[in-house]
Each structure stands twice: as C-alpha cells, then as structure tokens.
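Residues per chain, in single letters:
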Amino acid sequence: MVTYLHHFLDLPAGTPGPARRLAEQLSTIVRAATAGDAGIAWESALPCRRRPANRRCPGRMIVLRTEPTAPIRWQCSVCDDEGIISNWADSPFDLRPRRLTLAHPVNELVIPDEVAAVLRELQLPDAGCERLVFRIRARNDHAVLPATGDDLDELIGFVAAEAGHEPSRRRRQLLDTAFDALSNAPAH
Ligand SMILES: [Zn+2]
C-alpha cells in the first residue's frame, strides 16, 4: 500500500470512520518514524490496527526512514500489513528536530504499553514532547522510552498538569497511572 500523506490531511467532516482511522494510523507512523532514528528499521510501540478473525493482531509497527525525505516504510511485526508513505516531510506530523541538540545521557525507561497509549493521546505541548512519546519502542510486552533527565522532567510535569485539570475521573486515573509509571520506571 502506497499512500501520499497529503491526501489524508484535513479530511472533510463526515469522512467515514475507516478512512479516518487509516489517516490516524498513518499520521502516528509518520510521527514515530520521524521521532526515532533514521537509517535503521526499529519496532515502535504503535499497535497494529488489523483484526484478523476478529482478534486484534498483537503486532507492532516497524518503521524505517532513510535520509533525507525518502518515503517512510512500515510493516507489522506479526502480520503481513505493510506500506510506504510519501510526502510526509514538513507535514504537521514531521517531528524531525529542526536543530542539533547537545547529547545528554539517555536513560531507557521501561513502561507499560497502556501508559505509552495514554501518552500518545495527549495534546502534547511541543514537538520535543511529541518526539519523546513517539520514539517509544516495543520490547516484549513492555514499551521502552529513551529520555534524558530534562526530557523526562518536562513530560512528567506536563502529565501532572493534565491530570490536575482533567474532568473525567477515568482519564484522570489513567494520567495518574502514567505519572506514577514515569516517576518510578526502572531505567536500563
Ligand atoms: Zn499486524
């Protein structure tokens, strides 16, 4: 499947659900592929959307971005779902850093998959936070978040602030779980 990302931007109101879900999947793949390393295929924490025989495919999205603006390749780690996304560069989902940042020590935090999913649903305040959330990798049944201490402090502060003014009790509990997981995650 070859898709041109700009066909999926600004879908008109009333677009049917399947088209909207596909657009959402493609935009999260672009965010992961541009937030993570270029030049190597890596397994993101993004779940596969397929439901063969009505059961959710347990696979994760493996993404590959080669420099500088070649199409992004993606495939499921379990089923045969795969595709190529063109015209992603400079779209709103392009999270490539605009300037070089100094290298700081990076810890790898192990967090539950559900927490990675909660973080992806947040309206994150800036591209730096989005990069953190979308470069989360899959590892066995967990997710792994590479982050510097400063990155992590910023993300934890944001999650705490969101939890503070979240009206829904259920969402607030999810955010509290995310806060605890980020604050106490074992680092590797
Ligand atoms: Zn799959």
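Further up the page is the structure itself.
Residues numbered from 1 in each chain as written. Predicted model: local features only at pLDDT ≥ 70, side-chain atom pairs only at ≥ 80, totals over all residues. Heavy atoms only, no water.

Colleague: Can you help me understand the coordination of the zinc ion in this one?
Modeller: A metal bound by six donors in octahedral fashion has ideal angles of 90 or 180 degrees, whereas one bound by four tetrahedral donors has an ideal angle of 109.5 degrees. At this site the zinc ion is bound by C48 (SG), C57 (SG), C76 (SG) and C79 (SG), with donor distances of 2.3 to 2.4 Å. Taken together, the 4 donor atoms coordinating the zinc ion and their angles of 104 to 120 degrees define a geometry best described as tetrahedral. All donors of the zinc ion come from a single chain, and their spacing in sequence reads C-x8-C-x18-C-x2-C. Relative accessible area serves as the criterion here: at 2%, C76 is assigned to the buried category. In this structure C79 comes out as partly exposed when scored by relative accessible area, which is 22%. (Donors = N, O, S within 2.8 Å, 3.2 Å for Na, K, Ca; no water. Tetrahedral: all angles 85-135°; square planar, octahedral: opposite > 155°, others 65-115°. Buried < 20%, exposed > 50% of the residue type's maximum accessible area, 1.4 Å probe, protein only.)

Colleague: Help me understand the packing of helix 1 (residues 17-35) against helix 3 (residues 127-134) in this model?
Modeller: Axes are the key here: two packed helices are described by the angle between their axes and the distance separating the axes. Contact geometry of helix 1 with helix 3 gives a least axis separation of 8 Å together with a crossing angle of 95 degrees. Classified by the angle between their axes, helix 1 and helix 3 sit roughly perpendicular to one another. For the pair helix 1 and helix 3, contact is made by T28, R31, A32 and A35 and by E130, R131 and F134, respectively. For the contact of helix 1 with helix 3, the per-class residue count stands at 3 nonpolar, 1 polar and 3 charged. (Axes fitted to C-alpha atoms, helices over the stretch in contact; angles between N-to-C directions. Helix = DSSP H or I, 4+ residues; strand = E, 2+ residues; numbered from the N terminus. Parallel < 35°, antiparallel > 145°, perpendicular 65-115°, else oblique. Contact = heavy atoms within 4.5 Å. Nonpolar A, V, L, I, M, F, W, Y, C, P; charged D, E, K, R; others polar.)

Colleague: Before we go on, may I ask you to explain the side chain of R96 in this structure?
Modeller: Here R96 is to be found in the loop between strand 5 (82-86) and strand 6 (107-112). A distance of 3.4 Å separates the side chain of R96 from the backbone oxygen of P68, its partner in a polar contact. Within the structure, the side chain of R96 is placed 2.7 Å from the side chain of D94, a separation counted as a polar contact. Contact partners of R96, with chain neighbours within four places excluded, come to T34, R65, P68, T69, W88, A89, D90 and R131. (Polar contact = N/O pair within 3.5 Å; in protein donor to acceptor, adjacent residues only side chain to side chain.)

Colleague: Would you explain helix 5 (residues 169-184) in this entry?
Modeller: Every α-helical turn comprises 3.6 residues, leaving residues that sit three or four positions apart pointing alike. End to end, helix 5 covers 22 Å across 16 residues, agreeing with the expected 22 Å (1.5 Å per residue, within 8%). Listed in full, the buried residues belonging to helix 5 are R171, L175, A178, A181 and L182. Across the axial projection of helix 5, the buried residues extend over an arc of 120 degrees, all falling on one side. Of the exposed residues in helix 5, the ones pointing more than 90 degrees away from its buried face are R169, R170 and N184. Turning to helix 5, the residues buried within the fold contact strand 6, helix 2 (113-121), strand 8 (142-147) and helix 4 (149-164). (Expected span 1.5 Å × (residues − 1). Arc of directions from axis to C-beta.)

Colleague: So what exactly am I meant to see when it comes to the side chain of T28 here?
Modeller: Mapped onto the fold, T28 is located in helix 1. Assessed through its relative accessible area of 9%, T28 is described here as buried. Apart from residues no more than four positions distant in its own chain, T28 is found in contact with L46 and F134.

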